[in-house]
Amino acid sequence: MTPGPDPVLPPLLTPVAVSAAVDPFEKAVSMASLGCDAGTVVHGVFVDRLRASIIFGPEHVLEDAMAMWCACGVGFSNALGALAPPEVAVHLEWSGGIRVNGASCGKLRASASTRDPSLEPDWLVIGIEIPFILVAESPGITPDQTALYLEGCGDVDPTMLLESWARHTLSWVNRWLEDGNAPLHSEWRSMAHDMGETMSLNYDGEEISGIFVGIDERFGMLVRTTGDTRLLPLSGLLE
């Protein structure tokens, strides 16, 4: 399987292609650990899937820098919205899952040079994985799993989606730098999956169940459990 054509990215971003045998997220983490420049986009663009990771060099403490997680999620929603038919709906799970027309369709991943939320990380990597074709199972066997081509996105080109994701994400990062959390906070909430509903997730090795009440000003999840409301910081999602 050969990768698609090289993407055309905004000037601040530098594409680095990898083969199908290489995980772009793991490659980006390795490159960032060795001192790679921020703005590097490591990607594997193929007919059946898109996997890409952006290396950030945030000049903020980790918990504030985790806003990039939300910027990447909102950026993907905006990117697909610009390329897909208008009836295609995208929602974002707080823990990184991406929903297209209600079904699971890819995810976000994150890693940083530190897990201490009060420290400024040397680097932060946010990755995205999006299936275009389901290759392991048939749609009837896994009804909660989908792929873009099953959801009316057959005309969406993987390379164009990568380019659009990079542009929209960079736009949200710049807006966050200029205007703070409020605009990104509002946009992310409008795409949130299961907000106000009972949910469960594995958070930093712990199984948590409760009502997803909302997010705090730093995008942490507020979960109402029996007799208590817990705050789950975004930094707890780091791999």
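Residues numbered from 1 in each chain as written. Predicted model: local features only at pLDDT ≥ 70, side-chain atom pairs only at ≥ 80, totals over all residues. Heavy atoms only, no water.

Right, let's get into the pairing of strand β2 (residues 40-45). In summary, the side chains of a regular strand alternate between the two faces of the sheet. A large share of β2 lies buried, amounting to 6 of its 6 residues. What you see with β2 is no split at all: T40, V42 and G44 on one side and V41, H43 and V45 on the other are buried throughout. As judged from the 4 bridges shared by strand β1 (residues 14-17) and β2, these two strands associate in the parallel manner. Looking at β2, one finds that P15 is bridged to V41. (Buried < 20%, exposed > 50% of the residue type's maximum accessible area, 1.4 Å probe, protein only. Helix = DSSP H or I, 4+ residues; strand = E, 2+ residues; numbered from the N terminus. Pairing = 2+ DSSP bridges.)

Turning our eyes to something else, we now look at the side chain of E163. Relative to the helices and strands, E163 resides in helix α4 (residues 158-179). Summary of buried charges: E163 has no salt-bridge partner, and the nearest side chain of opposite charge, R167, is 4.5 Å away. Excluding residues that lie within four positions of it along the chain, E163 makes contacts with D6, P7, V8 and L9. (Lys, Arg positive; Asp, Glu negative; His and termini not counted. Salt bridge = Lys/Arg side-chain N within 4 Å of Asp/Glu carboxyl O. Contact = heavy atoms within 4.5 Å.)

What the 4 strands build is an open sheet, ordered β8-β9-β10-β11; its pairing is antiparallel. At either end of the open sheet lies a strand with only one pairing partner, and these are β8 (198-203) and β11 (228-232). With strand direction ignored, the average angle separating the axes of adjacent strands in the sheet is 50°. (Axes fitted to C-alpha atoms, helices over the stretch in contact; angles between N-to-C directions.)

On to the sheet that holds strand β4 (residues 90-92). Pairing within the open sheet is mixed, and its 7 strands lie in the order β1-β2-β3-β7-β6-β5-β4. A single partner strand is all that each edge strand has here, and the edge strands are β1 and β4. Strand-to-strand twist of the sheet, defined as the mean angle between neighbouring strand axes without regard to direction, takes the value 20°. Bridge count between strand β6 (residues 103-112) and strand β7 (residues 124-131): 6 bridges; the pairing is antiparallel. The partner of R109 across the bridge, within β7, is G127. In the packing of helix α1 (residues 24-33) onto the sheet, contacts are made with β1, β2, β3 (49-56), β6 and β7, and the angle to β3 comes to roughly 15°. The sheet strands contacting α4 are β2, β3 and β7, and the helix crosses β3 at an angle near 30°.

If you walk through the whole model with that rule in mind, you get 1 cavity of 30 Å³ or more. Considering only enclosed or pocket space, the largest cavity measures out at about 40 Å³ in volume. Lining the largest cavity we find W69, C70, G73, L92, E93, W94, G96, G97, L108 and W188. If you tally residues by element for the lining of the largest cavity, the top one is helix α3 (residues 67-83), at 3 residues. The class makeup of the residues in the lining of the largest cavity is 6 nonpolar, 3 polar and 1 charged. (1 Å grid on protein atoms, 1.4 Å probe; cavity = no way out; pocket = protein on both sides within 12 Å on 5 of 7 lines; lining within 4 Å. Points joined across faces, edges and corners; volume = space filled by probe spheres on them. Nonpolar A, V, L, I, M, F, W, Y, C, P; charged D, E, K, R; others polar.)

A few words on the nonpolar core. If you look at the biggest cluster of nonpolar residues, it comprises 65 residues, and the most contacted ones within it are L80 and W94. With 10 residues, α3 is the single largest residue contributor to this core. Core analysis: the second largest hydrophobic core is formed by 10 residues, V18, F25, W123 and V125 among them. (Core = buried A, V, L, I, M, F, W, Y, C linked by side-chain atoms within 4.5 Å.)

This next bit is on the pattern of salt bridges. It is possible for side chains bearing opposite charge to pair when their charged atoms get close. For the structure on display, the rule yields 10 salt bridges. D144 is paired through a salt bridge with R99; the nearest N and O atoms lie 3.0 Å apart. Of this pair, D144 sits in the loop between β7 and α4 while R99 sits in strand β5 (residues 97-100); the two residues are 45 residues apart in sequence, bridging distant segments of the chain. R99 gets classed as buried once you look at its relative accessible area, which sits at 13%. D179 is the salt-bridge partner of R175, the closest N and O atoms lying 3.9 Å from each other. With a gap of 4 residues between them, R175 and D179 both fall in helix α4, about one helical turn apart.

Roughly 400 Å³ of internal volume is contained in the largest pocket. Taken together, 19 residues make up the lining of the largest pocket; nearest its centre are A38, F56, G57, V173 and L177. Only β3 and α4 provide two or more residues apiece to the lining of the largest pocket. Ranked by the residues each element gives to the lining of the largest pocket, the list is headed by α4, at 7 residues. Split into classes, the residues belonging to the lining of the largest pocket amount to 13 nonpolar, 5 polar and 1 charged.

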